[in-house]
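Residue strings, one per chain:
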Amino acid sequence: MPTRDRNLLNALFDVSPMAVVVSDTDRRIKSVNKAFVDLFGYAAEDVAGKRSCMLYAHGGAFENAGFMRFNARAGVNRDSYRVTYNRRDGSTFSSDTVGTAVTDENGETVGHIAIIRDVTPEVEMHAEIVRQKERAETAARAKTEFLANVSHEIRTPLNGVVGMAQVLERTALDTDQQSYVDVIAKSSASLLEIINDVLDFTKIDAGAVEFEEIPFDVGELARDLGDVFRHRAEERGVRLNVEVAPEAAGVYKGDPTKLRQVIANFASNAVKFTPAGGLVEIAVERAGAQAGGADLLTFSVRDTGLGLSRRDVARMFEPFTQADASTTRKFGGTGLGLTIARRIVEGLGGKIAVDSAPGEGSRFYFTVALPRLEKEGRAVDEAADKEARDPVRGLSLLVAEDNETNRLVMRAMIGERVAALDFAEDGRSAVDAWRQGGYDAILMDIQMPVMDGTAAVREIRSIEARERLPRTPVIAVSANAYDEQVESYLAAGMDGHVAKPVNLATLEKELTALAQRRAA
């Protein structure tokens, strides 16, 4: 090699910002550059003639497995990898190292060159990011668990308030007594709405919401919501209409529960903010079709209420936001409902919006793509609508519930409706009572002493399988209302779920369906 070229290579060798190690075929170090001296702390004469494995934090074992891999791979004379080195002072550092074989004119390996770049700051930064992520996930889990526990502790006594209010509503009351019960019912419903909003927001914020795809009739969905809010609207002197466009009617595949939650939020706000004499309209229209064949449906709620300014519209779907501070004082609410609605719609792949102006009312709406299954018809088994006189009256039920108030509520709700109603105060007692036989179904609390409800139903299912007994339906009755919690109950062997505070209509629906399955 000409002297000028050799001098050029030597200059490049010395000024390289990355450490360079040249070794022979025995991996003995022949030379190092200045960057190596600065990085490792060794003088060139300290390492000359010594095997390069002295530099590795993991000794020669790594050398055979990593640094010299290019020798063992046919046709490959270059390799790169992440390795930890020792400095002279005993400290270590992480590096990205590129190793290459040096060959002569005959292609024979005569030595090796390693180029070493210190990546310790990058490795430490990545490790810190991982730690921060793990801390955030731990904090999110702790927050979720805390709120779930708080929800359970609030829902349990609230079950007594709501349950007894529902029982009282079905008794003979004078005008004053009816008004007192109405106050209890409305106040407890408002408290429950706040609890649900906080829990829903927490789940969505943690990305824990799952969406299902089941058949449902869009017309029934809209009409059911109209029935739910019509009484509330009439109390305020507000008319409520439901309009389902003929081209939108039919059975679709999607998540009716989440759709109902969004529309219900719109309708609740519309009724709340519309003065007497006004109008609220729930509507479903077909907005077109997607390339994949799904129909684009627009669900909307229009009102003739207060209306919103352009500034309010721009921030209406942000968390904890209402039109102004006086709204919370006058009408209540957490300001989370529309944020939850927006995130649900986005989770469904749709778009949400509002058209409004002060004094001209508002139209809240969203558009989602849903595969159509039938143009007309019902999404569910018609048998559910063909109630006999009262199939619940023939049921013998076992209720597993450790809370005395909740037992009293359950007895007041259904004690006179069913043929027999017995109670167990923990999961173990429930299993023992079930073993005696004679029960058509079990209503099972989850959090109980001695043995919880999930363990109890697992033991029941195990005994049924082992002794080839017919399956006894078990319905979870729990203040734990997260989707994943309900799914865990079903996975354990439960056949259904009723959330606390128990809604009497929901409980009756579950019992009616159970009685119909029993009679089939």
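Report on the accompanying structure.

Cut-offs applied
Residues numbered from 1 in each chain as written. Predicted model: local features only at pLDDT ≥ 70, side-chain atom pairs only at ≥ 80, totals over all residues. Heavy atoms only, no water. Helix = DSSP H or I, 4+ residues; strand = E, 2+ residues; numbered from the N terminus. Buried < 20%, exposed > 50% of the residue type's maximum accessible area, 1.4 Å probe, protein only. Contact = heavy atoms within 4.5 Å. Pairing = 2+ DSSP bridges. Axes fitted to C-alpha atoms, helices over the stretch in contact; angles between N-to-C directions. Expected span 1.5 Å × (residues − 1). Bend = angle between axes of the 7 residues up to and from the residue. Polar contact = N/O pair within 3.5 Å; in protein donor to acceptor, adjacent residues only side chain to side chain. Patch = residues over 30% accessible without salt bridge, like charges linked within 9 Å, V, L, I, M, F, W, Y side chains within 5 Å. Areas by Shrake-Rupley, 256 points an atom, 1.4 Å probe, with all protein chains shown as cover. Salt bridge = Lys/Arg side-chain N within 4 Å of Asp/Glu carboxyl O. Lys, Arg positive; Asp, Glu negative; His and termini not counted. Charge placed at Lys NZ, Arg CZ, Asp CG, Glu CD. Parallel < 35°, antiparallel > 145°, perpendicular 65-115°, else oblique. Left-handed = near helix turned anticlockwise from the far one by under 90°.

**Structural notes on the overall build of the protein**
Here's step 1: When helices and strands are counted, the protein shows 17 helices and 18 strands.
Here's step 2: Counting the 520 residues in the protein, one finds 42% classified as buried.
Here's step 3: Across the protein, contacts joining residues at least 24 apart in sequence account for 63% of those joining residues at least 6 apart.

**A word on the sheet that holds strand E18 (residues 496-499)**
Here's step 1: Pairing in this open sheet of 5 strands is parallel, and the strands run E15-E14-E16-E17-E18 from one edge to the other. Only two strands of the sheet have a single partner each, and these edge strands are strand E15 (420-424) and E18. Pairwise comparison of adjacent strand axes, ignoring direction, gives a mean angle of 20 degrees for this sheet.
Here's step 2: Sheet topology places strand E14 (residues 396-400) next to E15; 5 bridges connect them, and they run parallel. Residue pairing in the sheet places Leu 398 in a bridge with Asp 422 of E15.

**Brief notes about the pairing of strand E2 (residues 29-32)**
For a regular strand, the rule is simple: side chains alternate between the two faces of the sheet.
Here's step 1: Note that strand E1 (residues 19-23) and E2 share 3 bridges and pair antiparallel. The residue of E2 that forms the bridge with Val 21 is Val 32.
Here's step 2: Between E1 and the antiparallel strand that follows it, E2, lie 5 residues; Arg 27 among them carries a positive phi value of about 65 degrees.

**Points about helix H8 (residues 218-235)**
Here's step 1: For H8, built from 18 residues, the straight-helix expectation of 26 Å at 1.5 Å per residue is met to within 8% by its first-to-last C-alpha distance of 27 Å.
Here's step 2: At Phe 229, H8 shows its maximal bend, which comes to roughly 35 degrees.
Here's step 3: Those residues of H8 that are buried lie in contact with strand E6 (214-217), strand E7 (239-244), strand E8 (251-254), helix H9 (256-273), strand E9 (279-289) and strand E10 (295-303).
Here's step 4: Where H8 begins, the capping side chain belongs to Asp 217, and its oxygen is found 2.9 Å from the backbone nitrogen of Gly 219.
Here's step 5: Taken from the residues just after H8, Gly 237 is the one with a positive phi, measuring 75 degrees.

**A word on a nonpolar patch on the surface**
Here's step 1: Side chains of Leu 8, Leu 9, Leu 12 and Val 15 sit close together on the surface and give an oily, nonpolar patch of about 410 Å² of accessible area.
Here's step 2: Looking at where Leu 12 falls in the secondary structure, it is placed in helix H1 (residues 3-15).
Here's step 3: Assessed through its relative accessible area of 52%, Leu 12 is described here as exposed.

**Focus on unusual backbone geometry**
Here's step 1: Along the chain, Lys 500 connects to Pro 501 via a cis peptide bond; the corresponding omega equals 0 degrees.
Here's step 2: Positionally, Pro 501 belongs in the loop between E18 and helix H17 (504-519).
Here's step 3: Here the phi dihedral of Arg 27 falls at roughly 65 degrees; this positive angle occurs in a residue that is not glycine.
Here's step 4: Within the element layout of this structure, Arg 27 appears in the loop between E1 and E2.

**Let's talk about the environment of Ala 455**
Here's step 1: With respect to the secondary-structure elements, Ala 455 resides in helix H15 (residues 453-467).
Here's step 2: C-alpha separation for the pair Ala 455 and Tyr 489, spaced 34 residues apart in sequence, amounts to 9.9 Å.

**A closer look at a negative patch on the surface**
Here's step 1: On the surface, a cluster of negative charge is contributed by Glu 210, Glu 212, Glu 484 and Glu 487.
Here's step 2: We classify Glu 487 as partly exposed; its relative accessible area is 39%.

**Looking at the packing of H8 against H9**
Here's step 1: Contact geometry for H8 and H9: axes closest at 10 Å, N-to-C directions at 30 degrees. Our classification of the angle between H8 and H9 gives roughly parallel. As for how H8 packs across H9, the hand of that crossing is right-handed. Only Pro 256, Leu 259, Arg 260, Ile 263, Ala 264, Ala 267, Ser 268 and Val 271 of H9 make contact with H8, whose side of the interface consists of Leu 221, Leu 225, Phe 229, Arg 232 and Ala 233.

**What to know about the environment of Val 271**
Here's step 1: Its location among the elements puts Val 271 in helix H9.
Here's step 2: Between the C-alpha atoms of Val 271 and Thr 304, which are 33 residues apart in sequence, the distance is 9.6 Å.
Here's step 3: In contact with Val 271, other than residues within four places in its own chain, are Arg 232, Ala 233, Arg 236, Leu 240 and Val 280.

**So, the side chain of Asn 33**
Here's step 1: Within the secondary structure, Asn 33 is located in the loop between E2 and helix H2 (34-40).
Here's step 2: What makes Asn 33 buried here is its relative accessible area of 1%.
Here's step 3: A distance of 3.0 Å separates a polar atom in the side chain of Asn 33 from the backbone nitrogen of Val 20.
Here's step 4: Here Phe 36 takes part through its backbone nitrogen, which lies 3.0 Å from a polar atom of the side chain of Asn 33.
Here's step 5: With near-sequence residues (within four places) excluded, Asn 33 lies in contact with Phe 13, Asp 14, Ser 16, Met 18, Ala 19 and Val 20.

**A few points about the pattern of salt bridges**
Here's step 1: All chains considered together, the criterion is met by 29 salt bridges.
Here's step 2: One salt bridge in this structure joins Arg 461 and Glu 464, with 2.9 Å as the shortest N-O distance. Residue Arg 461 and its partner Glu 464 are both found in helix H15; the two are separated by 3 residues, about one turn of the helix.
Here's step 3: Residue Glu 464 is classed as buried on the basis of its relative accessible area of 6%.

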